[in-house]
Amino acid sequence: MTAPLDVLVVGAGPTGLALATQLRACATPFRIVDRSLDRARESRAPAIQPRTLEMLSAFGVADDLVDRGSAAVGLHLHLPRRVLHVPVFDVGCDDTPYPFLLFLPQSETEAVLTARLAERDVTVERGTELLSAEPEDAHVRCRLRRRDGAEETVRARYVVGCDGAHSTVRARAGIDFEGYAYPQTFLLADLEAEGLEPGVAHTYMSAAGLLFFFPLGTPATWRMIAMHPPGAPGGEVTLDLLQRIADDWTPDRLSLCDPVWMTSFRIHNRGAAHYRKGPFFLAGDAAHIHSPAGGQGMNTGIQDALNLGWKLAHVCRGAAPEELLDTYQAERAPVGHGVRRLTDRAFTVGTSSHPALRLARTRLAPHVAPLLLRATGARARLFRTVSELGIHYRRGPASVTGPRRPRQGPRAGDRLPDTPAGLQRRVAGPGYHLLLTGPAHLWPEVPPLGGRRDLVSTHHLGTRSPWPGITHALVRPDGYVGYLAGGTDLTGLRTHLDRWLPAP
Ligand SMILES: Cc1cc2nc3c(=O)[nH]c(=O)nc-3n(C[C@H](O)[C@H](O)[C@H](O)COP(=O)(O)OP(=O)(O)OC[C@H]3O[C@@H](n4cnc5c(N)ncnc54)[C@H](O)[C@@H]3O)c2cc1C
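Residues numbered from 1 in each chain as written. Predicted model: local features only at pLDDT ≥ 70, side-chain atom pairs only at ≥ 80, totals over all residues. Heavy atoms only, no water.

Undergrad: Sorry if this is basic, but what is going on with the domain arrangement of the chain here?
TA: When the parts of a complex come together, some accessible area is lost, and that lost area is often taken as the interface size. Split by domain assignment, the chain resolves into domain 1 (5–67 + 105–178 + 269–344) and domain 2 (400–500). A C-alpha centroid distance of 29 Å is found between domain 1 and domain 2. Across the contact, 20 residues belong to domain 1 and 15 residues belong to domain 2. In this assembly, domain 1 packs against domain 2 so that about 1,400 Å² is buried in total across both faces, 51% of it on carbon and sulfur atoms. By the criterion of area lost to domain 2, the three top residues of domain 1 are Arg 51, Glu 54 and Trp 310, representing 33% of everything that side buries. Taken together, domain 1 and domain 2 are joined by 4 salt bridges. Across the domain 1-domain 2 interface, the total number found is 7 residue pairs in polar contact (both at pLDDT 80 or more). Sorting the residues of the side of domain 1 that touches domain 2 by element identifies α2 (50–57), α7 (297–316) and α8 (323–351) as the ones contributing at least two each. Among the elements that line the side of domain 1 that touches domain 2, the one with the most residues is α7, at 6 residues. Classifying every residue of the side of domain 1 that touches domain 2 by side-chain character gives 9 nonpolar, 4 polar and 7 charged. (Domains from an automatic or database assignment. Contact = heavy atoms within 4.5 Å. Buried area = accessible area lost by both parts, 1.4 Å probe. Salt bridge = Lys/Arg side-chain N within 4 Å of Asp/Glu carboxyl O. Polar contact = N/O pair within 3.5 Å; in protein donor to acceptor, adjacent residues only side chain to side chain. Helix = DSSP H or I, 4+ residues; strand = E, 2+ residues; numbered from the N terminus. Nonpolar A, V, L, I, M, F, W, Y, C, P; charged D, E, K, R; others polar.)

Undergrad: Can you help me understand the packing of aromatic side chains in this one?
TA: Two numbers describe a pair of aromatic rings. These are the distance of the centres and the angle of the planes. Counted by the stated rule, this structure contains 13 aromatic pairs. Seen in terms of ring centroids, Phe 89 and Phe 383 are 5.5 Å apart; in terms of plane orientation they differ by 85 degrees. Their pairing is edge-to-face. Of this pair, Phe 89 sits in the loop between β6 (82–87) and β7 (101–103) while Phe 383 sits in helix α10 (residues 376–386), and the two are 294 residues apart along the sequence. For the pair Phe 89 and Phe 383, one class covers both residues: buried. Ring centres 6.0 Å apart and planes at 50 degrees place the aromatic pair Tyr 275 and Tyr 328 in the tilted group. Of this pair, Tyr 275 sits in the loop between β16 (255–272) and β17 (276–277) while Tyr 328 sits in helix α8, and the two are 53 residues apart along the sequence. Every member of this aromatic cluster is reached through a ring pair, and the members are Tyr 158, Tyr 275, Phe 281 and Tyr 328. Over the ring of Phe 177 we find Arg 170, and its NZ or CZ is 3.6 Å from the ring centre. (Phe/Tyr/Trp six-rings, centres within 6.5 Å; stacked < 30°, edge-to-face > 60°. Buried < 20%, exposed > 50% of the residue type's maximum accessible area, 1.4 Å probe, protein only. Lys NZ or Arg CZ within 6 Å of the ring centre and 35° of its normal.)

Undergrad: I'm lost on the pairing of strand β5 (residues 74–79) in this one. Help?
TA: Looking down a regular strand, the side chains alternate between one sheet face and the other. Most of β5 is tucked away, with 5 of its 6 residues classed as buried. Of the strand pairs in this sheet, β5 and β6 are connected by 6 bridges, and their pairing is antiparallel. Considered in β6, the bridge of Leu 79 is made with Arg 82. Taking the residues that link successive antiparallel strands as the turn, the β5-β6 hairpin has 2 residues, and the phi of Arg 81 there is positive, at about 70 degrees. Across 4 bridges, β5 lies against strand β13 (residues 201–205) in parallel orientation. (Pairing = 2+ DSSP bridges.)

Undergrad: What is the right way to read the pattern of salt bridges from this model?
TA: Pairs can form between side chains of opposite charge whenever their charged atoms are close. This model, assessed by the stated rule, comprises 28 salt bridges. Asp 38 serves as the salt-bridge partner of Arg 41, at 2.9 Å between the closest nitrogen and oxygen. Note on Arg 41: relative accessible area 54%, which makes it exposed. Between Glu 322 and Arg 276 there is a salt bridge, with the nearest N and O atoms lying 2.5 Å from each other. With Glu 322 in the loop between α7 and α8 and Arg 276 in strand β17, the pair connects residues that are 46 residues apart, well separated along the chain. Among the residues examined, Glu 322 registers a relative accessible area of 33% and is labelled partly exposed. Within the structure, one salt-bridge network assembled from shared partners comprises Arg 51, Glu 54, Asp 95, Arg 384 and Arg 415.

Undergrad: Would you explain the packing of α2 against α7 in this entry?
TA: In helix packing, the relevant descriptors are the interaxial angle and the interaxial distance, both defined with respect to the helix axes. Relative to each other, α2 and α7 sit at 35 degrees, their axes nearing to 10 Å. The crossing of α2 and α7 is left-handed. Across from Arg 51, Thr 52, Met 55 and Leu 56 in α2, the residues of α7 making contact are Asn 299, Ile 302, Gln 303 and Leu 306. When grouped by side-chain class, the residues that make up the contact of α2 with α7 number 4 nonpolar, 3 polar and 1 charged. (Axes fitted to C-alpha atoms, helices over the stretch in contact; angles between N-to-C directions. Left-handed = near helix turned anticlockwise from the far one by under 90°.)

Undergrad: Explain the sheet that holds strand β22 (residues 456–460) to me, please; I cannot follow it from the model alone.
TA: Each strand in a sheet pairs with its neighbour through backbone hydrogen bonds, running either in the same direction (parallel) or in the opposite one (antiparallel). With mixed pairing, the 5 strands of this open sheet are ordered in space as β20-β24-β23-β21-β22. Each end of this open sheet is capped by a strand with a single partner; those strands are β20 (400–401) and β22. Where strand β21 (residues 432–436) meets strand β23 (residues 472–475), 4 bridges bridge the pair, whose relative direction is antiparallel. Across the sheet, Leu 434 pairs through a bridge with Leu 474, a residue of β23.

Undergrad: What am I meant to see in the UniProt feature "domain: FAD-binding" (unreviewed entry) in the chain here?
TA: In the numbering adopted here, UniProt assigns the feature "domain: FAD-binding" (unreviewed entry) to residues 6–339. Summarising residues 6–339: 28% helix, 35% strand, and an end-to-end C-alpha distance of 31 Å. (UniProt positions renumbered as here; feature names shortened; annotations may be inferred.)

Undergrad: Even after reading the chapter, I still don't get the environment of Thr 401, so can you show me in this structure?
TA: Inspection of the secondary structure assignment puts Thr 401 in strand β20. Residues Thr 401 and Leu 484 lie 83 residues apart in sequence; the distance between their C-alpha atoms is 5.3 Å. Once residues lying within four places of it in the same chain are set aside, the contact partners of Thr 401 are Ala 412 and Leu 484.

Undergrad: Could you clarify how one ought to interpret α10 in this entry?
TA: Since the α-helix turns once every 3.6 residues, residues separated by three or four places project in the same direction. Among the residues making up α10, those that are buried are Arg 379, Ala 380, Phe 383 and Val 386. With its buried residues spanning 135 degrees around the axis, α10 presents them on a single face. One or two positions beyond α10, positive phi appears at Glu 388, with a value near 70 degrees. (Arc of directions from axis to C-beta.)

This is the structure we're talking about:
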């Protein structure tokens, strides 16, 4: 049997790859295994949200993703008898370097992350399946089967299930996955479509349901998603069926051709009862699955991973207490729950055959939607939610606001907003970042870091704070503010550091 590992990552979809990227950046010993011989080649999740790009930029991959994808800044909402042109993320997203929705096939996202890992000498062990995982003393005893059929026993301090909706880790940990399946079946195709304005997303809203075209770019220009029409034959998805839907559900003359991928799928709404149970953790689809409405699924998984990786790294190297790992459940379970609720509402309004909702889609929407879209505040709140920039951990146990915080500006638990000077990029390196503002003589004895110097970088931002009144803030390795305060009293900061990053 080999020496114990710190972390075994099970599953190398986008969630597992993101976790591995962060563990590698933190120099944590780990292995990542996936039972499939090759990474996904289908486009699957096509949308990357601004917050995911911000978080991935810390590992130098965001620019590569942006270069490969198409940034959509507009949506054409085709309502009965009128088309609304909706700018996407034009309000509520002014504090991010990525104020757009990036369309890129999941296969490309996985390729970029895999290449990044390879550059850092990390190999994804493909064709390696987790068969069992049993807690035993201080470790989990995991049985793996490799592609040649040979079995190997590995001991790991922590096991993270990034192994998708049918998670083996979840089953082995005995964690329930509660929820329900929607009755509808959906059709999905990557293809060419003549007659659509390029570079924007299109949503057709009709009595029958919703039809979407997203500007995918590669491996085909468009991703089409539609509800399977009631009464239409089941079985294999054909171009004829898709063309019939386009003819019946749109007033436009759309001509579909050259499909690269056509499939059908059912949608579930389920969540894990726990995100952590002892040495087991769940992330991504293993923890939550829901409708693709709003393009949240893969993004939420990647952000789960980037919430967890640095915590595992700090605990494994003895720099943080074991309780830090409990904050994963406290911070991410409400996010997963919120995404399930949001996507369920959007899905129900968009697809229900209830007469009231059909009426709302066909008769009310053409009158009400323009008014709603003109309400800038409501639109900003919507975009803040969909872009995932609004995710915060203000009520989490590791978010503390110190004395003299002004009413304006970020709060403890918020993500660090970007500034015109590119603050996010400046504090993108691994570890914590202590931001200080005001004249240098105010901070004669800073940093109060003792033996933590290799885990905390200090940045003097000059005399003017980007957020008037906030003089010092501690930014966590995942870009969220753990502590902030006004004034020059560092007692609160010291207490916070002693709790979550005790000096050796
Ligand atoms: C057909 C299809 C279309 C989709 N369309 C959309 C969309 O339009 N929008 C959207 O947001 N999302 C969409 N999704 C969902 C999106 O793909 C997922 O949210 C995303 O892949 C989740 O990533 P993950 O890494 O958590 O899990 P996965 O991508 O499922 O990865 C899990 C990995 O774990 C591996 N694994 C499983 N069990 C084991 C084991 N015992 N041992 C070792 N390895 C194991 C699997 O081989 C797999 O590679 C779609 C999914 C599918 C299948």
